[in-house]
Amino acid sequence: MSNSNKDSEIMENQKEETKHSIDKGRRRFGKAGVAAPILMTLASQPAFGWGGGMQCMSNMMSGNLSDPSRGNCDLGWSPGGWCNPGGKVNNMDTIWAWNSTTFEYGTYDPAATYGPQDKICGIDKQNESECYSGGATIGSLPAGINANNFGSNTTLRDIICKTGGTGPSANDTRHCVAAYLNASLPGINYILTQQQVIDLCDGTLAVPGGISLKTFLDSTWQ
C-alpha cells in the first residue's frame with residue numbers, strides 16, 4: 001500500500017473515532033438533560049413542605065406529587081408559645097388565644113407564688129405562668145390526647161408549662177395538647193385537624209416519615 005493510501009486510511013479512522021466520541025457525548029448530555037430536572041425537583045422539596053407552605057396532613061398521607069400547591073397549611077405554636085402568658089399566639093395575647101380555642105388558660109392569682117424562691121406574684125407578674133390557677137383540664141380534651149395518662153384534673157397549663165422530660169415518648173401529652181390547641185385556634189389552617197391530632201396521639205394514625213411523634217409535631221410549629 002502506498003504512503004498516500006495509508007495516510008487516507010488513518011484520516012478516515014480518526015474521523016470515525018471523533019464522530020463516535022461526539023455521538024457518545026451527545027447521548028450522555030441528552031440523558032443528563034432529562035434526569036436533571038427530575039433530580040432537582042425531588043431535591044428541592046423540603047421534608048414536609050412545598051415551597052412557601054407546609055403540607056396539610058391529608059396531603060402528606062395522599063402522597064400526591066402532581067399538585068404540590070394543593071393543601072398548603074399553616075404552622076402552629078409550640079408548647080413554649082402556648083405556655084407564655086406574656087407572649088403572642090396568632091397576633092393575639094396568649095390568654096386571648098386560649099380563650100378563642102374555648103380552653104381557658106387560667107385566672108391570675110396575686111396570692112400565688114412563682115420561681116425557685118416562691119416569690120409572691122402580687123399585682124404585676126402576669127407574665128409568669130405560675131401566677132395563674134385553675135383553667136381547662138386534660139379531662140376536658142378527648143382521651144386520646146392524654147398519651148401519658150395524667151390525672152383528669154391536671155390543668156393543660158401545667159402539662160404544657162411544667163412537664164417535659166427526655167426520651168422518645170416523654171412527654172408526648174405536652175406536645176399533643178399544644179397540637180390540639182393549634183388545631184382548635186380560629187384564623188389559621190393548621191397542618192392537623194383536631195381528629196388527626198387525636199389519632200396521632202393515641203396511635204390510630206401512623207406518624208409520617210417513621211419519626212417520633214414529638215419530632216413530627218415539632219416540625220408543625222413555628
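Scroll up to find the structure.
Here is what the cut-offs are and how they apply
- Residues numbered from 1 in each chain as written.
- Predicted model: local features only at pLDDT ≥ 70, side-chain atom pairs only at ≥ 80, totals over all residues.
- Heavy atoms only, no water.
- Phe/Tyr/Trp six-rings, centres within 6.5 Å; stacked < 30°, edge-to-face > 60°.
- Buried < 20%, exposed > 50% of the residue type's maximum accessible area, 1.4 Å probe, protein only.
- Helix = DSSP H or I, 4+ residues; strand = E, 2+ residues; numbered from the N terminus.
- Lys NZ or Arg CZ within 6 Å of the ring centre and 35° of its normal.
- Contact = heavy atoms within 4.5 Å.
- Disulfide = S-S within 2.5 Å.
- Salt bridge = Lys/Arg side-chain N within 4 Å of Asp/Glu carboxyl O.

A. Region of interest: the packing of aromatic side chains. For the coordinates displayed, the defined rule picks out 5 aromatic pairs. Seen in terms of ring centroids, Trp-98 and Tyr-105 are 5.2 Å apart; in terms of plane orientation they differ by 85 degrees. Their pairing is edge-to-face. This pair shows no difference in class: Trp-98 is buried, exactly as Tyr-105 is. When the centroid spacing of 5.1 Å and the interplanar angle of 90 degrees are considered together, the rings of Tyr-105 and Tyr-132 count as edge-to-face. One end of the pair, Tyr-105, is in the loop between helix H4 (94-100) and strand S6 (107-108); the other, Tyr-132, is in strand S9 (residues 132-133), with 27 residues separating them in the sequence. Exposure class is identical for Tyr-105 and Tyr-132. Each is buried. Chaining the aromatic ring pairs together yields one cluster made of Trp-82, Trp-98, Tyr-105, Tyr-108 and Tyr-132. Over the ring of Tyr-105 we find Arg-157; its NZ or CZ atom is 5.7 Å from the centre of that ring.

B. Here's a closer look at the environment of Ser-78. Summarising the element assignment, Ser-78 is placed in the loop between strand S3 (72-73) and helix H3 (79-83). Separated by 140 residues in the primary sequence, Ser-78 and Asp-218 place their C-alpha atoms 7.3 Å from one another. Beyond its immediate stretch of four places on either side in the chain, Ser-78 contacts Ala-178 and Trp-221.

C. Fine view of the state of the cysteines. A complete count under the given rule lists 4 disulfides for this structure. Residue pairing for Cys-176: its cysteine sulfur links by disulfide to Cys-201, the two sulfurs lying 2.1 Å apart. Across the disulfide from Cys-176 to Cys-201, rotation about the S-S bond amounts to roughly -110 degrees, and the bridge is consequently left-handed. Here the residue Cys-176 occupies a position in helix H6 (residues 172-184), and Cys-201 occupies one in helix H7 (residues 194-201), the gap between them amounting to 25 residues. Going through the chain in sequence order and numbering each bonded cysteine, the pairs you get are 1-2, 3-6, 4-5, 7-8.

D. Broad picture of the pattern of salt bridges. Applying the stated criterion across every chain, the model contains 2 salt bridges. Of the charged contacts in the structure, one is a salt bridge between Lys-88 and Asp-93, with a shortest N-O distance of 2.7 Å. You can call Asp-93 partly exposed: its relative accessible area is 35%.

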